[in-house]
Amino acid sequence: MNIFSILIKNLKVRPITLRFPGEVPHPKDFRGPVKIQEEKCIGCGLCAYVCVSNAIQVIEHKDNCEWAYSPGSCTFCGQCVAVCPVQALGMEGWSAPSYFRAEALNRVHRIPYPLCRECGRPTPPVREAILARAFKEVTLEVLTRSQLCQRCRQRASQRGLVSISKR
Amino acid sequence: MSWEKFFLALFGFPGLLYAVPIAWLMLWLERKFRARMQGRMGPPFYQPFFDFVKLMAKRQVLRPSFDSLLMMGLPLVAVSAGFVALALLPVSSDSRGFAGDVVLLVAFLEVPSLWAVLAGFASRSIFGQVGATREAILSITYNLPFLTAIVALASSAQSLRLIDIAATPTGGVRVLAVLTLGLCLPVKLRLTPFSISNAEQEIYSGPATEFSGPQLAMWELAHGLEWVALTGLVVCLGFPFRTGLWVFSFILFAGLSLVLVIFLTILAAGTARLKIPQAARFYWRWGMGLAVVALILGVLPNIERFCR
């Protein structure tokens with residue numbers, strides 16, 4: 001009986017399958033859940049815009065913005081990571097575990113808005129990475145203006161124009 | 001059998017308290033041992049319990065009210081029948097049974113398969129209907145030798161009481177009849193090579209295809225109880241040892257049942273699925289042959305009592 005000798009042989013050797021999921025190593029560029037570095041994010045909402053499955057939502061508030069992510073609806077396509085202008089997004093190297101409630105893995109990050117240097121109103125953050133993309137060289141003037149709110153920035157520009165015309 | 005004893009058997013040993021954990025253990029042992037023989041790792045021992053809990057927590061699919069009533073009712077009746085069949089088994093040393101309990105036991109053992117046929121048709125799925133048809137044909141096939149073996153045992157013991165049948169001295173009749181019952185186990189439990197009615201690769205799960213959530217959990221439980229009851233029946237009739245001590249007879253009963261599970265698993269892992277005509281030929285030739293010889297041996301010594 002050939003089959004029974006095969007069965008007995010199988011019983012003697014170690015199983016060829018592995019226990020789920022721990023022992024199987026993930027490959028190097030594995031696309032797991034999206035992670036965010038809050039100190040880099042500028043709250044532009046591009047990631048939410050490109051997300052096909054609506055897994056990322058960016059909700060703007062008065063003094064902060066909410067970056068909400070639900071791995072349950074994520075397809076792990078990596079578009080958000082590719083499109084992020086400041087490289088604030090990345091992907092974990094592990095797969096999302098199974099869970100009982102649909103909301104169990106949802107994450108909300110709050111990106112606080114810094115206060116304007118002049119008027120003290122909360123304003124969306126401008127990081128150096130985005131300045132480096134926008135300007136050839138980041139001068140002191142560019143840096144100081146990046147810490148102002150939109151209104152104060154306009155006023156500063158007006159003041160500069162006025163001072164040039166007076167000269 | 002007094003009512004208190006019956007309730008003890010129904011809810012204690014070998015009923016609810018014993019049967020549910022041991023049913024899960026048997027389902028696990030079958031899966032694990034089969035996996036190991038196929039070179040796989042197999043599930044951890046708590047897997048059937050987790051499956052049950054997970055299925056119980058699932059949302060039910062909306063159906064027309066009569067369909068959903070049938071689909072919830074049928075597995076529940078199958079589970080209850082499994083418990084009653086278990087309660088009738090003469091396991092504890094002080095159980096006396098009552099005249100005719102073997103007939104009741106056989107009837108209740110047949111309920112899960114009969115109800116699976118009904119459920120297959122009630123689910124209105126093409127796979128369910130094919131599976132139900134196959135199950136119905138198979139039940140004719142295996143019940144012939146199964147019932148003949150029971151009749152042989154009863155006629156040799158001159159009693160329709162399970163305890164009397166178990167207590168008769170071992171002879172040719174008992175060996176042949178228990179062998180026939182053993183032969184009928186894989187097809188009654190829908191194991192390969194007779195897993196024709198729930199052939200996964202052909203018709204998904206046969207009669208249970210349309211079932212999900214708590215209803216499927218009840219079918220799984222009923223199937224587990226079938227395991228316990230049928231292996232228990234073979235152990236009770238084949239190895240009727242009475243140690244007198246409650247603990248020893250418990251260990252003997254459970255242990256021998258598990259050994260039987262391992263044998264069935266080896267058979268399931270080592271064979272391929274047969275067709276219905278092949279299965280029918282096997283049972284009507286070999287099963288029926290053994291059963292008829294047992295019946296002749298059982299009836300012959302008492303022939304003048306029958307003739308009178």
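Remember, it's a predicted structure, so these values are computed and weren't measured experimentally. (Residues numbered from 1 in each chain as written. Chains lettered and ligands numbered in written order. Predicted model: local features only at pLDDT ≥ 70, side-chain atom pairs only at ≥ 80, totals over all residues.)

1. Topic: the overall build of chain B
Stage number 1. Along the backbone of chain B there are 13 helices and zero strands.
Stage number 2. Along chain B, helices (α) and strands (β) appear in the sequence α-α-α-α-α-α-α-α-α-α-α-α-α when read from the amino end.
Stage number 3. For 308 residues, the compact-globule formula gives about 19 Å, and the C-alpha radius of gyration of chain B, at 19 Å, lands near that figure.
Stage number 4. C-alpha extents for chain B along the principal axes are approximately 60 × 45 × 45 Å.
Stage number 5. Taking all 308 residues of chain B together, the buried fraction comes to 46%.
Stage number 6. Once local pairs closer than 6 in sequence are excluded, the contacts in chain B between residues at least 24 apart make up 81%. (Helix = DSSP H or I, 4+ residues; strand = E, 2+ residues; numbered from the N terminus. Rg over C-alpha atoms; globule rule 2.2 N^0.38 Å. Buried ≥ 20, exposed ≤ 12 C-beta atoms within 10 Å, placed from the backbone. Contact = placed C-beta atoms within 7 Å.)

2. Notes on the overall build of chain A
Stage number 1. A count of helices and strands for chain A gives six helices and five strands.
Stage number 2. Reading the secondary structure of chain A in the N-to-C direction produces α-β-α-β-β-α-β-β-α-α-α.
Stage number 3. The C-alpha atoms of chain A give 25 Å as radius of gyration, which overshoots the globular expectation for 167 residues (15 Å, by more than 25%).
Stage number 4. For chain A, the residues scored as buried account for 13% of the 167 residues in total.
Stage number 5. Sequence-distant contacts in chain A: of pairs separated by 6 or more residues, those separated by 24 or more amount to 68%.

3. Quick word on the environment of A:Leu46
Stage number 1. Here A:Leu46 lies in helix H2 (residues 46–50).
Stage number 2. It is 9.8 Å that separates the C-alpha atoms of A:Leu46 and A:Gln57, two residues lying eleven residues apart in sequence.

4. A short note on the domain arrangement of chain A
Residues and elements named next belong to chain A.
Stage number 1. Domains assigned within chain A are domain 1 (26–112) and domain 2 (114–167).
Stage number 2. Measuring from the centre of the C-alpha atoms in domain 1 to the corresponding centre in domain 2 gives 29 Å.
Stage number 3. If you look at the interface, domain 1 gives eight residues, while domain 2 gives eight residues.
Stage number 4. Counted by class, the side of domain 1 that touches domain 2 contains three nonpolar, two polar and three charged residues. (Domains from an automatic or database assignment. Nonpolar A, V, L, I, M, F, W, Y, C, P; charged D, E, K, R; others polar.)

5. A closer look at the nonpolar core
Stage number 1. Ranked by size, the top nonpolar core spans 93 residues in total, and within it B:Ala23, B:Leu153 and B:Leu225 carry the most contacts.
Stage number 2. Ranked by residues supplied to this core, first place goes to helix H10 (residues 213–238) of chain B with 15 residues.
Stage number 3. Among all residues touching B:Leu153, those that are not within four sequence positions of it are B:Ile165, B:Val173, B:Arg174, B:Ala177, B:Leu237 and B:Gly298.
Stage number 4. Residues A:Ile36, A:Ala55, A:Cys84 and A:Ile111 belong to the second largest nonpolar core, which totals 16 residues. (Core = buried A, V, L, I, M, F, W, Y, C linked by C-beta atoms within 7 Å.)

6. Details of the packing of helix H6 (residues 126–157) of chain B against helix H12 (residues 276–299) of chain B
Residues and elements named next belong to chain B.
Stage number 1. Contact pair H6 / H12: the axes reach a minimum separation of 8 Å and the direction vectors enclose 10°. The orientation of H6 relative to H12 falls into the category roughly parallel. The handedness of the crossing between H6 and H12 is left-handed.
Stage number 2. Here the contact of H6 with H12 is built from residues that sort into 20 nonpolar, six polar and one charged. (Axes fitted to C-alpha atoms, helices over the stretch in contact; angles between N-to-C directions. Parallel < 35°, antiparallel > 145°, perpendicular 65-115°, else oblique. Left-handed = near helix turned anticlockwise from the far one by under 90°.)

7. Here's the deal with unusual backbone geometry
Residue and element names in this part refer to chain B.
Stage number 1. Omega for the peptide link from Thr192 to Pro193 comes to 5°, which places this bond in the cis form.
Stage number 2. Relative to the assigned elements, Pro193 resides in the loop between helix H8 (172–188) and helix H9 (200–203).
Stage number 3. Positive phi, close to 60°, is recorded for Arg124, a residue that is not glycine.
Stage number 4. Here the phi dihedral of Arg190 falls at roughly 55°; this positive angle occurs in a residue that is not glycine.
Stage number 5. As for its placement among the helices and strands, Arg190 is situated in the loop between H8 and H9.
Stage number 6. In this structure Arg190 comes out as buried when scored by C-beta crowding, with 23 C-beta atoms within 10 Å.

8. A word on the sheet that holds strand E5 (residues 107–112) of chain A
Residues and elements named next belong to chain A.
Stage number 1. Pairing within the open sheet is antiparallel, and its three strands lie in the order E2-E3-E5. Of all the strands in the sheet, the pair left with one neighbour each is strand E2 (56–60) and E5. Sheet twist, expressed as the mean angle between neighbouring strand axes with direction ignored, is 20°.
Stage number 2. When E2 meets strand E3 (residues 64–69), the two strands line up antiparallel, connected through five bridges. Counted as the bridge partner of Ile59 is Glu66 from E3. (Pairing = 2+ DSSP bridges.)

9. Examining the packing of H6(B) against H8(B)
Residues and elements named next belong to chain B.
Stage number 1. Relative orientation of the contacting elements H6 and H8 amounts to 155°, with a least axis distance of 9 Å. Classified by the angle their axes make, H6 and H8 are roughly antiparallel. Crossing hand, H6 versus H8: left-handed. Residue-level inspection shows Leu138, Tyr142, Pro145, Phe146, Ala149, Ala152, Leu153 and Ser156 of H6 in contact with H8, the latter providing Val173, Arg174, Ala177, Thr180, Leu181, Leu183, Cys184, Val187 and Lys188.
Stage number 2. Partitioned by chemical class, the residues of the contact of H6 with H8 number 13 nonpolar, two polar and two charged.

10. Some words on the pairing of E3(A)
On a regular strand, one side chain projects to one face of the sheet and the next to the other, so that they alternate.
All names here are of chain A.
Stage number 1. The alternating pattern of E3 places Cys65, Trp67 and Tyr69 on a buried face and Asn64, Glu66 and Ala68 on a face that is not buried.
Stage number 2. The antiparallel hairpin formed by E2 and E3 contains three residues in its connecting segment.
Stage number 3. The pairing of E3 with E5 spans six bridges and is antiparallel. Looking at E5, one finds that Glu66 is bridged to Arg110.

11. Description of the confidence of the model for chain B
All names here are of chain B.
Stage number 1. Across chain B, the average pLDDT comes to 87, with 96% of residues at 70 or higher.
Stage number 2. Summarising per-element confidence for chain B, the mean pLDDT is lowest in helix H13 (residues 303–307) (71) and highest in helix H3 (residues 47–56) (93).
Stage number 3. Listed scores for the predicted complex are pTM 0.73 and ipTM 0.72. (pLDDT = per-residue confidence, 0-100.)

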